[in-house]
Amino acid sequence: MTEVSDRETPRRRVPGPARPPRPRSAAPRRPAPQGRPARRPLGPRRPPAKPALRLGSPRPRLRLVGLALALVLTAFTVRLLQVQAVDASTYSAKAEQNRYVAHVLTAERGGITDRNGVALAVSEDAYDITADPMMFNREQLKISDGPEQAAALLAPILGQDQEALVKKLRPANKRSRYARLANRQTPQVWKQIKDLKAAFVKKGTPNVLAGVFADPSSQRVYPNKELAAGILGWVNSEGRGGGGIEQQLDKQLSGKDGKIRYAQSGGREVPTVGSTETPAVPGSDVELTIDRDIQWAAQNAISEQVRKSKADRGYVVVQDTATGQILAMANSPGFDPNDLSKADSAAMGNPALQDAYEPGSTAKVMSMAAVLEENAATPLTHVVVPNRLHRGDRLFQDDVDHATWYLTLNGVLAKSSNIGTILAAGQLGKTQPAANGTLYSYLRQFGIGRYTGLGFPGETPGILAPSAKWSTSQQYTIPFGQGFSINAMQAASVYSTIANGGVRVAPTLVRGTKGADGRFAPAPKPARTRVVSEKTAKTVAQMLESVVDDEQGTGVKARIPGYRVAGKTGTANRVDPATGRYHGYTSSFAGFAPADKPRITVYCAIQNATSGSYFGGQICGPVYKQVMEFALKTLQVPPTGAKAAALPVSYKP
């Protein structure tokens, strides 16, 4: 067998991997000739390759961005330091201002009662309607006429002028957070406003009343209406006393207001934030000396007589003779402090203390007391009273034309003789100036020309010139009650001084106060001053009985069956306050009972009676009787049963 070398032995062809089938449309490739490069098959040409991009360095841009961020962060840091460190207190205050609302908590005003605890003035629940003006601006409501819309809704409810409300809701100070729209409104008024606020919430429209609030307050109410209005006074729209006891004791009655501060949002309190509150301290209750029932009797009696006489006005004062406490002080016409819109400004106040007028013959009791105290005469001293008496620059006469009277000093007082009083007072000194000086000193001791001690707002001290300045006519008119002026309380105090054995006790109107702790603090004891001796006072009281009991007396209409009554009539020329000239009369009656054991003084005066009689005994005597009878029964004062002294009125020459 022939061997074949490896070089000559043909190599076996190994098949390669299968190729994918060529598409039919594609032309078959021809093998490339040896020695030439193979040609690329025909087909779509590829685009020439682009040159590779060369990226720039990112470092400059990163540095720029980093610098910008650093500047922004620096600005934020600086601002943060300014807000939290430099201006922290300022921004905190602004935040507090916008978030928190403060309201005054009005203290409950103390009540006023009579001596028996009967309510004369009380405070009932009410609301002060307030607003936050900041909640009515465009930023809050998204409307420009918020104050106008709110005012249009509130005006008819509060009874106020719409334009005035707009000014309160849009104040000049744009930072104002508090405005008081109305004081002391009833709960019904606040309910109407709340209902309107709720209606806006249901509708989903801008709530123009969201900034309206209500602070609990109180409303002053006088249950007895006109009764004792002159004493009580009233409370004004600011919650302060505007007259009478309400004004005089306003500090004690008002108490001390508190304050509440709370967070709010959308006009509502945020309950979870908490609040700070300084509670209000209620005012003290005041107990007066007056008796409500006696006050009613006095006011009813004087009102009826003023109406019948068609007079300008009248007053009645009732006083406890021993203690000086005022049991009643009534004026007519009066006013209702519950509704001052209907009150006559001329009737407001307390004319019994504020009117100054010439007293007339009721003042003769002081002249007689001075004559007796100086031992210039006795009740039985004979006094010849002519029809006319020339003194100084005048010719004097009595109220009635008469022949010569032969009277005792007691009769001079009983018949109210002006001429007899001039003659008696002339015995007070060796000369007329000396007599004038003596009489002046007694008048001052009786309280004439000085304040009574009540400290009542608007009280007049009256007018009494020093004796050295008395005119020629005043030297002779002052003894019988013309030429000087007093008020009704001063007149009553004169008779209480005689009734109290010659000791003047300063009148009082307040028994005491009861504070928030419930403790009663009695009023200071009144000043006591001896004016005349007890003997003189007792003698004058007996002489005053003759005015009422004796048939020749001028006060017979003041008699009270079963009681001994001491009293004196008065009819004086009246100075018209409008013209300053004498026009009309002041009619009066003053006295006390029981005459031998005095307990109560009553004084009545009526100004310018124009219908019927104008004599004091005729129109004031019956008022005295009616009021005195009622007071004696109310206080259960029994008659003494003793017989009257029955001093003689006249004598036979």
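Residues numbered from 1 in each chain as written. Predicted model: local features only at pLDDT ≥ 70, side-chain atom pairs only at ≥ 80, totals over all residues. Heavy atoms only, no water.

Looking at an unreviewed UniProt entry, the protein carries the name Penicillin-binding protein 2, with the source organism given as Streptomyces seoulensis. Here the protein is described in UniProt, under the heading Sequence similarities (unreviewed entry), as follows: "Belongs to the transpeptidase family." (UniProt positions renumbered as here; feature names shortened; annotations may be inferred.)

**With respect to the state of the cysteines**
In a disulfide, the sulfur atoms of two cysteines are covalently bonded to one another. Applying the stated criterion across every chain, the model contains zero disulfides. With no disulfide of its own, C620 lies closest to C604 among cysteine sulfurs, the gap being 3.2 Å. (Disulfide = S-S within 2.5 Å.)

**Observations regarding unusual backbone geometry**
Across residues other than glycine, the phi torsion is negative in most instances, and most of the peptide bonds are trans. For the bond running from S332 to P333, omega is 0°, close enough to zero to count as cis. By secondary structure assignment, the location of P333 is in the loop between β13 (326–332) and α11 (351–354). Across the junction of A593 and P594, the peptide omega takes the value -15°, indicating a cis bond. For P594, the position within the fold is in the loop between β23 (582–593) and β24 (600–607). Positive phi outside glycine occurs at A646, with the angle close to 55°. On the secondary structure map, A646 appears in the segment after α20 (621–634). (Helix = DSSP H or I, 4+ residues; strand = E, 2+ residues; numbered from the N terminus.)

**Structural notes on the pattern of salt bridges**
Evaluated as defined, the whole model comprises 18 salt bridges. Across the salt bridge formed by E287 and R511, the nearest N and O atoms sit 3.3 Å from each other. Remark: R511 occurs in strand β19 (residues 510–514) and E287 occurs in strand β11 (residues 285–288); sequence separation between them is 224 residues. Using a relative accessible area of 31% as the deciding quantity, one classes R511 as partly exposed. As a salt-bridge pair, R564 and E545 come within 2.7 Å of each other at their nearest N and O atoms. Placement of the pair is R564 in the loop between α18 (534–549) and β22 (566–575) and E545 in helix α18, with a sequence separation of 19 residues. In terms of burial, R564 and E545 fall into one category: buried. Salt bridges here are not isolated pairs; linked through shared partners, they connect R109, R220, R240, E246 and D250. (Salt bridge = Lys/Arg side-chain N within 4 Å of Asp/Glu carboxyl O. Buried < 20%, exposed > 50% of the residue type's maximum accessible area, 1.4 Å probe, protein only.)

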